[in-house]
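Residue-level structural notes
Now for the letters of each chain:
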Amino acid sequence: MSAPVRGAPTAVALALAAMLCAAAAATQEPEPEAPPGPPEAAETTPQEPEQPPAAPDAESPAAPVPDPDRIRFELPLPEEEGGGTVAGTTSELSYEGSLAVLSGGVELSYQDVKVRAERIEFDLDTEQLEASGDVVFDQGPRRLTGTTMSYNLGTDLGTLTEVTGQVTDDYYFRGSRVEKTGPDTYVVEHGVFTSCSPEDPPWSFRFRRVRVRVDGFARARSATFRAKNFPVVYLPYVLWPVRETRTSGLLVPKPGYSSRRGPSLGLAYFQTLGRSFDTTIELDLFAGGAPLGAAGSGSYLGLGNEFRWRPSETTTGRFEGYAIRDPDLDEVRWRANLAHEARDLPFGFRGVVSIEEASDFDFFRDFERRGDRNSIRQLYSRGFLTKNWSAHSVNILFDNRETLVGTDRLVELRQLPEIEYRLRSKRLGRSPLYLQVRSSAHLLDVERSERLDAAYGRADVLPELTLPVRSAPWLALSVTAGGRFTWWGDSLLTSVERQEDPGDSDFRGESLSRFVPTLTAEVVGPSFSRIFDAGGKNFSKLKHVIEPRFDYRYFDDFDEQERIPLFDEIDNLQGANVGRFSLVHRLLAKPVEERAGAREILSFELFRNYSFDEETPLQFSTDREQQRRAGPLGTLVRFSPSNTTNLRAEATYNTLFGGIESTSFSSSFSLPANNRIGVLWSTRRQPELDVTRTHQIRLSTQIGLVPRRLMLASSVNYDIQRSLLQLQRHILSYQGSCYSLSLEYGDFLNGDRRDREYRFMVTLKNVGTFLDITGGQSEEF
């Protein structure tokens, strides 16, 4: 098989190729240099300097002092062989004719080649070099070590035995013998590759013999993948590229197992399409197994493709599609994703396209391996253009939202398109007024049911003027007034009209318009504060602020609200004439570090809403006989003593029936060693009937059982009211020096059935997922 290079080397075959390429490049012909000058002498010994070396400057490092026990040498090469000088140092040097014998920590260099060994015999006539004893061979940035080396500087051919090599911090290899057999061909025998430490690696790829052609391919026979010394996978023949650029070829096979589809083998082929494009074709073979919740043994065949492009630094994209033949349903099921971004479009626009489609929502439940995606019940696709300048922004949006409601009802909402203009708050000249505008035009396509199926236009504009008033430093007032105008190209029949003439559609075929005056006001103060000396290790000062607030909002009622087709929050604008009274206590702390600003560590808010409209009470009984314009009494507490700890608690008390109406508590703790704990607890009650409607708790944790090694991540959703486990997912992962193991268990409600599944994965450093085993079962309700 041929393994490609996709950007940074990640596939195992590519990494192995990189190692062998290093072995090849280490004995490759060096780049030509300027001819060296004539040698001073065939042999020189260290001499005393004419003057003692000057003392180094206070700001300069000391100059190296020559070792008086070392011999410096320069060995001239014959001019007919290219000339040049081999130079270095040694402890002993002797001659046997044209043979120079060097021993005792020899260091030798020629052009960009450097050799270190305990003993080197160099023939000046033939330029043959024989090295032994802890041989280190450097050429450029690459290094090889071995026991013995035979190398000819003239022919650029040679061998190195008991070789170990390292190209980067992550790639290691060994070989019993590396031989250069031609200008760009090499043979490596009995080789071992790994991304682990080369001494007793946890995993490795081993091969009997590899032939390498620089900037070509390497061909290996009898390759095996091993865990420690135990062979796991045998590959009789492997072909991979020996290049640093992206290269077409087959990726490493991925074996796996699924209880639904049986044993599997994932194959992939990578193809470069120029400098800016590439594609990967995937083929998944499944032997067949028992499907979830049913018996079956049909074979599955999955085919996928990933196409990537990056024609410029500001334009990137990716398409991913996957289809699988499902023998249980005797049909092809599929999913597709498209993502594209262009950040430098004409006129300063930025464009984004994101599309996700699938043949059916059950595809994710049946075939998606990621736990956070196998319960998907909504698909959202969009494309937009956006531009921001000064206080203005323009957005053009196309989108499509498909939502599965229940088990068989599909709701589709589309904007084809939406054009939005916004003006952020901007002061009008030298006046005290600030103008802000939100406006949009839409072409909407709604398909909620057979009767609620139509396409129509909509326009909406909301200009507002804000007047801030700063009468005193302890009092702040701002008033915002405006009006919202909305036009719909179609409208709905009222309930009375549907009874009189049901027809085939709830749309009446007539436009509708609405104008709603708006008014909001905010009063903060009078505020009171006091500063205290904290005298603690973390905070130097504390500031207590008491801040009464009043917020008011007014939206006029619309008499024909029943005729408005609902699409989003623009349509569902309810009349309001409500004020919110609140008393806020805030505690701010200034850290001991003087440069750090104060931050809020604690707040307590007591609040209550009040309706100024007699016909719109905020508390009432089921039969509407009892009612109050004042809403429930609420309290909200936030506590953040540090950047790693956050707590929030809220409760509302129904004063009409004297009981708790709702409670919620959430907290998150970030602990050392990347540990985290999160809790969310909530209740909803009906005090009139003394009935609890909902009572749920959600827990999430990430705990390092063994620091930087063994990690447990869990999430649990439990419905206390119904004594029902909605979801639990636990992932136990072990991070080794060059590999990771992951064991995952999930149990979750999925519509009208409960799914239980497990997954075991082995991931190798610089290789990716090497083994993936999944399984599970299902229970219908």
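The structure displayed is predicted, hence computed values, not measured ones.

Focus: the overall build of the protein chain
Within the protein chain, the regular secondary structure consists of three helices and 44 strands. Within the span of the protein chain, comprising 781 residues, buried residues form 38% of the whole. Considering only contacts in the protein chain between residues 6 or more positions apart, those separated by 24 or more positions represent 46%. About 42300 Å² of surface is accessible on the protein chain, with carbon and sulfur atoms providing 54% of the total.

Observations regarding the confidence of the model for the protein chain
A residue-level look at the protein chain finds 84% of positions with pLDDT of 70 or above and a mean pLDDT of 82. Below pLDDT 50 for its whole length, residues 1-64 participates in 142 contacts with residues either more than four positions away or in separate chains. Long-range and interchain partners of residues 290-297, a stretch whose pLDDT sits below 50, account for 18 contacts in this model, where long-range means more than four residues apart.

Description of the pairing of strand β36 (residues 645-654)
Sheet faces and side chains relate simply in a regular strand, where the side chains alternate between the two faces. Pairing geometry for strand β35 (residues 630-642) and β36, over eight bridges, is antiparallel. Bridge pairing in β36 links L633 to Y653. Where β35 folds back on β36, the antiparallel hairpin that results is connected by two residues. Sheet topology places β36 next to strand β37 (residues 659-671); ten bridges connect them, and they run antiparallel. Bridged to L647 within β37 is S667. Adjacent in sequence and paired antiparallel, β36 and β37 are bridged by four residues, among which G658 carries a positive phi angle near 65°.

Digging into a nonpolar patch on the surface
Taken together, the side chains of L250, L265, L267, Y269, I281, L283, L285, L301 and L303 present a nonpolar region at the surface, about 690 Å² in accessible area. Turning to its location among the elements, L250 is positioned in strand β14 (residues 249-250). The partly exposed category is assigned to L250, whose relative accessible area is 36%.

Topic: the environment of I660
Tracing the backbone shows I660 in strand β37. A relative accessible area of 36% means that I660 is categorised as partly exposed. Considering only alpha carbons, one finds I660 and P632, 28 residues apart in sequence, at a separation of 9.1 Å. Once you skip the residues sitting within four places of it in the chain, I660 turns out to touch T652, Y653, R685 and P687.

Notes on the pattern of salt bridges
Enumeration according to the criterion identifies 35 salt bridges in this entry. In this structure, the salt-bridge partner of E320 is R335, at a minimum N-O distance of 3.8 Å. Of the two residues, E320 sits in strand β19 (residues 315-326) while R335 sits in strand β20 (residues 331-342), which places them 15 residues apart along the sequence. Its relative accessible area of 27% is what places E320 among the partly exposed residues. Close ionic contact of R563 with E560 constitutes a salt bridge, the shortest N to O distance being 3.1 Å. Given the relative accessible area of 13%, R563 is considered buried. Given a relative accessible area of 35%, E560 falls into the partly exposed group. Because the salt bridges share partners, they merge into one network encompassing E522, E547, R549, D551, R586 and E600.

Quick word on the packing of aromatic side chains
Using the criterion set out here, one finds twelve aromatic pairs in the structure. The structure contains a cluster of three or more aromatic residues connected by ring pairs, namely F550, Y552, F581, Y610 and F612. The residue whose ring lies beneath R580 is F607, and the NZ or CZ to ring-centre distance is 3.9 Å. Positioned over the ring face of F620 is R624, at 3.6 Å from the centre of the ring.

Definitions and cut-offs
Residues numbered from 1 in each chain as written. Predicted model: local features only at pLDDT ≥ 70, side-chain atom pairs only at ≥ 80, totals over all residues. Heavy atoms only, no water. Helix = DSSP H or I, 4+ residues; strand = E, 2+ residues; numbered from the N terminus. Buried < 20%, exposed > 50% of the residue type's maximum accessible area, 1.4 Å probe, protein only. Contact = heavy atoms within 4.5 Å. Areas by Shrake-Rupley, 256 points an atom, 1.4 Å probe, with all protein chains shown as cover. pLDDT = per-residue confidence, 0-100. Pairing = 2+ DSSP bridges. Patch = residues over 30% accessible without salt bridge, like charges linked within 9 Å, V, L, I, M, F, W, Y side chains within 5 Å. Salt bridge = Lys/Arg side-chain N within 4 Å of Asp/Glu carboxyl O. Phe/Tyr/Trp six-rings, centres within 6.5 Å; stacked < 30°, edge-to-face > 60°. Lys NZ or Arg CZ within 6 Å of the ring centre and 35° of its normal.

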